[in-house]
Amino acid sequence: MPRWLRDNALTVAMLGAFLVFLVLQSVFGWQTHNEELTEFGVAPLSWPAYLTSGHFAEAVFENWESEFLQMGGYVLLTAHLVQRGSAESKPVEQTDRPEDDERRATPQSPWPVRVGGLPLVVYRNSLSIALLLIFLGSFVGHLLGGTAAYNQEQALQSGAPPIGVWDFLGTSDFWFQSMQNWQSEFLAVGALIVLSIVLRQHASPESKPVTVAHASTGA
């Protein structure tokens, strides 16, 4: 295996799977949407046209929204909350790690650490900030795509006039879509936190070592 691929294999595998499943979602979503259009006597869309439709945008961003909310929230919560015995928790009495202290900066430390001030404040929280900004972008994408999809559905079913983005934001349909994904994401993370207390996966950084006691907290 080439060294670059070996050193980045986890990222390549995850992004490769993402692209494969995104393409498959678009194909099956395109077929499903065209079946719905045909039922109402509307001409089917081409695949490129479907990729710009509200139906596709809503489905994609609705899921991205929940994923990045979960990850951003998880990063923030694990900075302040603990679960004794879990591999997903920092040690019970730990606040910042010694390496989080900017006074221990070295010439190899990232430049915001060496500069200090506002750049350091932002950098100390940059992972959760980035994840939550992606969540907000996905939330907006879901809202815009959902509005277009809702208006098309209403026009096909009852000929109702289109509604605006703010009107769709106030519908139970929008929040139903969001909550059904948000609850499942936090359930999955909660299950990982609790199960990692007593269960193991050898060689995985998401698990405690096989021989470590259940009461041991952290990796």
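Residues numbered from 1 in each chain as written. Predicted model: local features only at pLDDT ≥ 70, side-chain atom pairs only at ≥ 80, totals over all residues. Heavy atoms only, no water.

Asks: Tell me about the pattern of salt bridges, residues and numbers included.
Replies: By the definition in use, this model includes six salt bridges. Note that Arg 3 and Asp 7 form a salt bridge whose closest N and O atoms lie 3.6 Å from each other. Within this pair, Arg 3 and its partner Asp 7 are both found in helix 1 (residues 3-7), separated by four residues, close to a single helical turn. Where Asp 96 meets Arg 124, a salt bridge forms, and the shortest distance between an N and an O atom there is 2.7 Å. Pair noted here: Asp 96 is in the loop between helix 4 (54-80) and helix 5 (111-115) and Arg 124 is in helix 6 (residues 117-124), with a separation of 28 residues, a long-range link. Look at Asp 96 and you get partly exposed, because its relative accessible area is 44%. The class for Arg 124 is partly exposed, based on a relative accessible area of 43%. (Salt bridge = Lys/Arg side-chain N within 4 Å of Asp/Glu carboxyl O. Helix = DSSP H or I, 4+ residues; strand = E, 2+ residues; numbered from the N terminus. Buried < 20%, exposed > 50% of the residue type's maximum accessible area, 1.4 Å probe, protein only.)

Asks: Describe unusual backbone geometry, and please don't skip the residues or the numbers.
Replies: Positive phi outside glycine occurs at Ala 203, with the angle close to 75°. With respect to the helices and strands, Ala 203 occurs in the segment after helix 9 (172-198). Residue Ala 203 is classed as exposed on the basis of its relative accessible area of 80%.

Asks: Pulling in residues and values, what's your account of the domain arrangement of the protein chain?
Replies: Here the domain parsing of the protein chain yields domain 1 (1-50) and domain 2 (53-97 + 106-218). For domain 1 and domain 2, the distance between their C-alpha centroids amounts to 22 Å. Contact with domain 1, which involves 13 residues of that partner, is made by nine residues of domain 2. In total, domain 1 and domain 2 occlude about 920 Å² of area from one another, counting both sides; carbon and sulfur atoms represent 67% of this. Interface area lost by domain 1 to domain 2 is led by Gln 25, Phe 40 and Tyr 50, which between them contribute 48%. The tally of links between domain 1 and domain 2 comes to zero salt bridges. If you list the elements that add at least two residues to the side of domain 1 that touches domain 2, you get helix 2 (9-39) and helix 3 (47-51). Take the side of domain 1 that touches domain 2: its biggest share by element is eight residues, from helix 2. Each residue belonging to the side of domain 1 that touches domain 2 can be placed in one class, and the counts come to eight nonpolar, four polar and one charged. (Domains from an automatic or database assignment. Contact = heavy atoms within 4.5 Å. Buried area = accessible area lost by both parts, 1.4 Å probe. Nonpolar A, V, L, I, M, F, W, Y, C, P; charged D, E, K, R; others polar.)

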